[in-house]
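# Inside the fold
Given next are the chains, with one letter for each unit.
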Amino acid sequence: MAVRIQPSADVSDEAVIGEGSSVWHLAQVREGAVLGQNCIVGRGAYVGTGVRMGDSCKLQNYALVYEPAVLEDGVFVGPAVVFTNDHYPRSVAPDGTLKRGDDWEAVGVTCRQGSSIGARAVCVAPVTVGRWAMVAAGSVVVKDVPDFALVAGVPARRIRWVGRAGVPLEPGDTEGTWVCPQTGAQYIENDEILMEASE
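This report concerns the structure included in the present document. This structure is a prediction, so every number in the text was calculated from the model and none was measured. Per chain, residues are indexed from 1 in the order of the written sequence. Owing to the predicted nature of the model, reporting of local features is limited to residues with pLDDT of at least 70; listing and counting of side-chain atom pairs is limited to 80 or more, with chain, interface and lining totals taken over all residues. To obtain the side-chain values, all non-hydrogen atoms of the structure were included, while hydrogens and water were left out.

## Structural notes on the nonpolar core
Joining through side-chain atoms within 4.5 Å is the link that ties buried Ala, Val, Leu, Ile, Met, Phe, Trp, Tyr and Cys residues into a set, and such a set is a nonpolar core. The cut-offs for exposure are 20% and 50% of the maximum accessible area for each residue type, with area from a 1.4 Å probe on protein chains only; residues under the lower value are buried, those over the upper are exposed, and the others partly exposed. Counting residues in hydrophobic clusters, the biggest one holds 48 residues, and the most contacted among them are V29, L35, V47, M53, L71, F83 and I117. For the purposes of this entry, the term helix denotes a DSSP run of H or I that reaches at least four residues, the term strand denotes a run of E that reaches at least two, and both are numbered from the N terminus. Of all the elements in the fold, those that place two or more residues in this core are strand 15 (109–111), strand 18 (127–129) and strand 21 (149–152). Those residues in contact with L71 that sit more than four places away from it in its chain are R52, M53, G54, C57, L59, V65, V77, F83 and C111. In this description, contact between two residues means that some pair of their heavy atoms is separated by no more than 4.5 Å.

Okay, here's the thing in structure tokens:
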């Protein structure tokens, strides 16, 4: 499987792009970034220095993924999403001198397997978005998102549970159980934690 990189994309020679991956027009992939197999980096997207992406990740157009973000396999990042990387951003130091790259400590966003971040959402590092969780479009994530949670709002809060298919779960036959209406998969909730029944 060939790697496809559009001529207008800016991909560092020091980046690693997995087989079957595509980097589209005007995207930038910085040095030290590692993309797994079958990833898609959309038009105008940015992948920062040393960012790590697993297999089958999708960065939609104009998503900004700043280092040291980590995306596990199957992560979806919607259009114009931003992952921040600085606790206290400033352009200049207190004495007025321009800050440089070594003047601050980068903090990252971690997206666990299968998670999805909706269009124009902002994830304020350091946060972790759990496995198969979903962040609604336009949300601002300022604390960790549990596995299978659907979060929305500013700041983002859990409003539902979702399954691997991404659709909201429905209550099961017994208390604390949930069912995916699309796949029939069953889930168990205990103390605000959702797990697949097969786990």
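## A look at unusual backbone geometry
Residues E67 and P68 are joined by a peptide bond in cis, for which omega reads 5°. Its place among the elements puts P68 in the loop between strand 11 (64–65) and strand 12 (70–71). Looking along the chain, the bond that leaves V154 and enters P155 is cis, with omega of -5°. Here P155 lies in the loop between strand 21 and strand 22 (157–161).

## Overview of the pattern of salt bridges
Here, a salt bridge means any side-chain nitrogen of Lys or Arg that lies within 4 Å of a carboxyl oxygen of Asp or Glu. In the structure shown here, the tally under the stated rule is five salt bridges. R131 is paired through a salt bridge with D147; the nearest N and O atoms lie 3.3 Å apart. Of this pair, R131 sits in the loop between strand 18 and strand 19 (134–135) while D147 sits in the loop between strand 20 (140–141) and strand 21, and the two are 16 residues apart along the sequence. R158 is the salt-bridge partner of E192, the closest N and O atoms lying 3.3 Å from each other. Highlighted residues: E192 in the loop between strand 25 (186–190) and strand 26 (193–196) and R158 in strand 22, separated in sequence by 34 residues.

## Some remarks on the side chain of T110
Among the structural elements, T110 can be located in strand 15. Among residues more than four places away in sequence, those in contact with T110 are V70, V127, T128 and V129.

## Considering the packing of aromatic side chains
Any pair of aromatic rings gets described here by the distance separating the centres and the angle formed by the planes. Working definition: rings of Phe, Tyr and Trp (its six-membered ring) pair if their centres are within 6.5 Å, and the pair is stacked with planes under 30 degrees apart, edge-to-face with planes over 60 apart, and tilted otherwise. The full count for this structure, using the stated rule, is two aromatic pairs. Measuring from centroid to centroid gives 5.2 Å for Y46 and Y66, while their planes differ by 45°, and the two rings are tilted. In this pair, Y46 sits in strand 8 (residues 46–47) while Y66 sits in the loop between strand 11 and strand 12, placing the two residues 20 residues apart along the sequence. Its relative accessible area of 12% is what places Y46 among the buried residues. Taken together, a centroid distance of 5.2 Å and an interplanar angle of 65° make the contact between F148 and Y187 edge-to-face. Of the two residues, F148 is situated in the loop between strand 20 and strand 21 and Y187 in strand 25; the sequence distance between them amounts to 39 residues. Of the two residues examined, F148 and Y187, each falls in the buried class. Charge-over-ring placement is defined geometrically: NZ (Lys) or CZ (Arg) within 6 Å of the ring centre, and within 35 degrees of the ring normal. In this arrangement the basic side chain of R158 is found over the ring face of W161, its NZ or CZ atom lying 4.0 Å from the centre.

## Re the sheet that holds strand 15
The rule for pairing is simple: two strands pair if DSSP sees at least two bridges between them. With parallel pairing, the six strands of this open sheet are ordered in space as 3-6-9-12-15-18. Bordering the open sheet on either side are strand 3 (16–17) and strand 18, each of which pairs with just one other strand. As paired elements, strand 3 and strand 6 (residues 34–35) share two bridges and run parallel to each other. Bridge assignment links V16 to a residue of strand 6, and that residue is V34.

## A short note on the environment of I117
Structurally, I117 is set in strand 16 (residues 116–117). Separated by eleven residues in the primary sequence, I117 and T128 have C-alpha atoms spaced 12 Å apart. Excluding anything up to four places from it in sequence, I117 contacts F76, V77, G78, V81, F83, C111, C123, V129 and V135.

## Digging into the sheet that holds strand 25
Sheets are built from strands paired through backbone hydrogen bonds, the pairs being either parallel or antiparallel. If you walk across this open sheet you meet the four strands as 23-24-25-26, and the pairing is antiparallel. This sheet does not close on itself; its edge strands, each paired only once, are strand 23 (170–171) and strand 26.

## Some thoughts on the pairing of strand 22
With four bridges joining them, strand 21 and strand 22 adopt antiparallel strand pairing. Note that in strand 22 the partner of L150 across the bridge is R160. Here strand 21 folds back onto strand 22, and the loop between the two strands holds four residues, one of which, G153, carries a positive phi near 105°.

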